[in-house]
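Structural features, examined
Here are the chains, one letter per residue:
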Amino acid sequence: MPKIHRAAGTAALLAASTLVLSGLVGTAAARPTVPSGPDVPSAAETLRAGRAPAGLLQALRRDLGLTAGQAERRLVNEAQAGVTLGRLSLELGARHAGSWVGGADSGTLTVATTARSDVAAIERAGARAVVVDRSLGELEADRDRLDRAARTVPALDAPVRYVDPARNKVVVEAVDPAAAAKLVAAAGVDPAAVEVVRTGERPRTYHDLRGGDAYHMGGGGRCSVGFPVTRSTTQGFVTAGHCGTVGRSTSGYNQVAQGTFQGSTFPGRDMAWVAVNSNWTATATVVGSGQQVAGSTQAVVGASVCRSGSTTGWRCGTVQQHNTSVTYPEGTVSGVTRTSVCAEPGDSGGSFVSGSQAQGVTSGGSGNCSSGGTTYYYPVNPILSSYGLTLKTAGSTTPPTTPPTTPPDPGTTTWAPGTVYQPGATVTYDGATYRCLQQHQAQGGWEPPNVPALWQRVA
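Okay, so let's go over this structure. (Residues numbered from 1 in each chain as written. Predicted model: local features only at pLDDT ≥ 70, side-chain atom pairs only at ≥ 80, totals over all residues. Heavy atoms only, no water.)

1. A look at the sheet that holds strand β2 (residues 108-113)
Quick reminder of the rule: Here, a strand pair is defined by DSSP locating no fewer than two bridges between the strands. Helical segments are the DSSP runs of H or I of at least four residues, strand segments are the runs of E of at least two, and each set is numbered from the N terminus. Angles here are taken between N-to-C directions and fall from 0 to 180 degrees, while the axes themselves are lines fitted to C-alpha atoms, restricted in helices to the stretch in contact. We call two residues in contact whenever any of their non-hydrogen atoms come within 4.5 Å of each other.
Sheet architecture is open: 3 strands sit in the order β1-β2-β3, paired in mixed fashion. On the outer flanks of this sheet lie β1 (96-102) and β3 (128-131), each paired with one strand and no other. Put simply, the sheet's adjacent strands are angled 20° from each other on average, direction ignored. Bridge analysis of β1 against β2 gives 5 bridges, and the strand direction is antiparallel. What sits directly across from Val101, in β2, is Leu109. Contacting β1 and β2, helix α4 (residues 68-92) crosses the sheet at an angle of about 15° to β2.

Pasting the structure below:
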């Protein structure tokens, strides 16, 4: 089985100018997935995967049962897997059927396709290939049909819906399988494309707070800060939409006047942002670990992810599915990420990170941190894009003060810091054209020619 390249430790991994995936034993050497050279940063260097603070590594070891070496290698391997996946998903196009990492140190990347002719290309890139019947696009379309049906058919007894690439099906988690059957019938989805998983869990939001480092909402209740952000000269933070409505005031963990909700959406989406007054300063730090946020590159399925919340502190698990739909008592929220991280009331709005990369804000879930549970987060990049916010990061450089020397061709998009880019997006920079490999918000220092982990030059 192909494995992501491993070394004796994180330092050795970062010392290599390029991390590549090793091929099957007996096959030709894997082709590099990123340009090589002494001045070309690896994916792990770009995403600061080797600079995780002790608190985060300790939480990974505790919650995922890892050794110190496995925790360090896992973060580096997951950074590289994102690059390989980005390039392969663009190459496969509509045939791509999903992907995930596995193993204690995320040493195996599996990529599914609907075409057997893609197997050789996947294996040359160092990933494990799986041929399946349904593409990711087809499964996501079925999930969307189920979501639309959930607006008219009672869905609280079939509250969670997501695409599971490993099963090559849409999974419906149901307290009552009969409710799931009614939902599938109402949606007109082929039952063969759906797997119903019985569960006793009923997801809920976590805004009924208790204790911990938090912010308080005027009129009662507390939630957790997600990520500090800026909007022009205004500072603030993102959090969950169910925590407060536009115009609602907030005070800090110390009960000092803090700010006001400027934007909030819930249900449908679960996102909000709060502008703070001059007594508060946005930093790139996540409470409880000393973690410094370096960007917002989206983690792959199977990757490790950790959460900081005001009730239960620093907890870790794995990304299980992106683009999940969950029906809470207040309504359905689409586009959340499902994780194996635990949470409890009071953790809502808190930050999810993978390595040094911001992932999202805690939305809701089921279970608790005594017996374990499932938690969903709303991704941070759509929040930044929707409200025109810039994530506060550590280590970014000031954007260029002069424009590129060569103007772009008419009709093209010029790379710009602060923009949230999706995989497949194309931009021009200094006369060259680049294609985005991984979802992220651009920042100074991450210009396309400087970060082959995020951009592929095409012309």
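Back to the text.
2. Quick notes on the state of the cysteines
Cut-off, in case you're wondering: Count a disulfide wherever a pair of cysteine sulfur atoms falls within 2.5 Å. With a 1.4 Å probe rolled over the protein chains alone, any residue whose accessible area is under 20% of its type maximum counts as buried; one over 50% counts as exposed, and the rest are partly exposed.
Counted according to the given criterion, the structure contains 3 disulfides. Cys223 shares a disulfide with Cys243; S-S distance 2.1 Å. Note on the Cys223 and Cys243 pair: the S-S dihedral is about -90°, so by sign convention the disulfide is left-handed. Of this pair, Cys223 sits in strand β9 (residues 222-223) while Cys243 is found in the loop between β11 (234-239) and β12 (249-251), placing the two residues 20 residues apart along the sequence. Comparing Cys223 with Cys243 shows no difference in burial state: the two are buried. Paired through a disulfide, Cys342 and Cys369 show a sulfur-sulfur distance of 2.1 Å. Around the S-S axis, the bridge from Cys342 to Cys369 shows a dihedral of about 100° and counts as right-handed. Taken together, the positions of Cys342 in the loop between β19 (331-339) and β20 (351-354) and Cys369 in the loop between β21 (357-368) and β22 (372-379) put the pair 27 residues apart, joining distant regions of the chain. Here Cys342 matches Cys369 in class, with each residue buried.

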